[in-house]
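Examination of the molecular architecture
The lines below spell out each chain.
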Amino acid sequence: MRSKPNILVTGTPGTGKTTTSAALAEATNLRHINIGDLVRDKKLHDGWDDQLECYIVNEDLVCDELEEIMEDGGNIVDHHGCDFFPERWFDRVVVLQTENSILYDRLTKRGYSGAKLTNNIECEIFQVLLEEAKDSYKEEIVVAMKSDSVDDMNRNVATITEWVRTWSSTN
C-alpha cells in the first residue's frame, strides 16, 4: 500500500497540464513527472513524427521506466495521453479542459499550425481525452476540471491539494 497517492494530470496540449502539475507538486510535496521531458531526456521514443512535430512515444519503455517509481506513490504524472498507463498506478485522474477559442490562442502562440493545431482543437471539441480517461480508469477517480484561466488553475490546485490531504489521512 502506497503512503502517498499517484495523480495523473491529462488533457489536450495547451490546457495547462504542466503548469498545474508543477504548482500542485509544490503545494503537495509530490514528485512531478512530465512524460514529454522523460521521453526526450531518456530517449523513450521510436523517432520523430514530422507531420505532428513530436516524438513517437514508446509506451512500453515509458511504463518500464516508471514502474518502480509509481509503486512507491507520491507522483504527479503529466501527459496528454492516458490509456497506456496501468490502471493500478493512479488514485486520481484529472482531465483539464479549456474552451476552444482560448485553447486555439494558446496553441497558436506555441507555434502550432496545420494538422497539429487542427488535431488538438478537434481532440478538445470531441472531449477525446475525457472519454479516454473514463474508458481507462474507474469512473469515480476521473475528474474533469475547467482550465481557462489562472483563477481556474489556482482553484484546481487547491481542490486537488485538499483531496491529497484527505487521501493521506484516510489511506
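This report concerns the structure included in the present document. (Residues numbered from 1 in each chain as written. Predicted model: local features only at pLDDT ≥ 70, side-chain atom pairs only at ≥ 80, totals over all residues. Heavy atoms only, no water.)

1. Regarding the overall build of the protein chain
Stated formally: Secondary structure counts use DSSP, requiring at least four H or I residues in a row for a helix and at least two E residues in a row for a strand, with both numbered from the N terminus. As defined in this context, the radius of gyration uses C-alpha atoms, and a globule is described by 2.2 Å times the residue total to the power 0.38. Categorising residues by exposure relies on relative accessible area from a 1.4 Å probe, with only protein chains included: less than 20% of the type maximum marks a residue as buried, more than 50% marks it as exposed, and the intermediate range marks it as partly exposed. Surface accessibility in these figures is a Shrake-Rupley result with a 1.4 Å probe; residues are shielded only by whichever protein chains are displayed. Only four residue types enter the charge count, namely Lys and Arg as positive and Asp and Glu as negative; His and the chain termini do not. Lysine's charge is taken at NZ, arginine's at CZ, aspartate's at CG and glutamate's at CD.
For the protein chain, the count of helices and strands is seven helices and seven strands. The linear arrangement of helices and strands in the protein chain, starting from the amino end, is β-α-β-α-β-β-α-β-β-α-α-α-β-α. Relative to the globule expectation of 16 Å for 171 residues, the C-alpha radius of gyration of the protein chain, 16 Å, shows essentially globular dimensions. Expressed as lengths along the three principal axes of its C-alpha atoms, the size of the protein chain is roughly 45 × 35 × 30 Å. The buried share among the 171 residues of the protein chain stands at 46%. Of the roughly 9000 Å² that the protein chain leaves accessible, carbon and sulfur atoms contribute 47%. Averaging the coordinates of the 18 positive side-chain charges in the protein chain and doing the same for the 32 negative ones gives two points 6 Å apart.

2. With respect to the nonpolar core
Just so we agree on the cut-off: Nonpolar core, defined: a set of buried Ala, Val, Leu, Ile, Met, Phe, Trp, Tyr and Cys residues in which side-chain atoms within 4.5 Å join the residues together. The contact criterion used is simple: two residues touch if any of their non-hydrogen atoms lie within 4.5 Å.
Ranked by size, the top nonpolar core spans 25 residues in total, and within it I35, L66, F85, F90, V93 and Y137 carry the most contacts. Secondary structure elements with two or more residues in this core: α2 (35–42), α3 (59–72), β6 (92–97) and α6 (128–136). With four residues, the single largest contributor to this core is α3. The contacts of I35, once residues within four sequence positions are left out, are V62, L66, V77, D78, H79 and F85.

3. Examining α3
Two residues of an α-helix separated by three or four positions point the same way, owing to the 3.6 residues in each turn. How we decide: Take the residue count of a helix, subtract one, and multiply by 1.5 Å to get its expected span. The angle separating two fitted axes, one through the seven residues that finish at a residue and one through the seven that start at it, defines the bend at that residue.
In this model, α3 (14 residues) spans 20 Å end to end at C-alpha, consistent with the 20 Å of a helix rising 1.5 Å per residue. Most pronounced at L66, the bend in α3 amounts to some 45 degrees. Every buried residue of α3 is listed here: V62, C63, L66 and M70. Structurally, α3 contributes buried residues whose contacts are with β1 (6–11), β2 (31–34), α2, β4 (54–57) and β5 (75–78).

4. Examining a negative patch on the surface
In plain terms, the rule: Patch membership requires more than 30% relative accessible area and the absence of a salt bridge. Residues of like charge join within 9 Å; the nonpolar side chains Val, Leu, Ile, Met, Phe, Trp and Tyr join within 5 Å. Here, a salt bridge means any Lys or Arg side-chain nitrogen found within 4 Å of an Asp or Glu carboxyl oxygen.
There is a patch of like negative charges on the surface, built from E59, D60, D64, D83, E131, D135, E139 and E140. A per-element tally of the negative patch places α3 first, with three residues. Turning to its location among the elements, E131 is positioned in helix α6. What makes E131 partly exposed here is its relative accessible area of 39%.

5. Considerations on the environment of V62
When you line up the elements, V62 lands in helix α3. Once the C-alpha coordinates of V62 and G74 are considered, the two residues, twelve residues apart in sequence, prove to be 18 Å apart. If sequence neighbours within four positions are ignored, V62 has contacts with I35, V39, L44, V57, F84 and F85.

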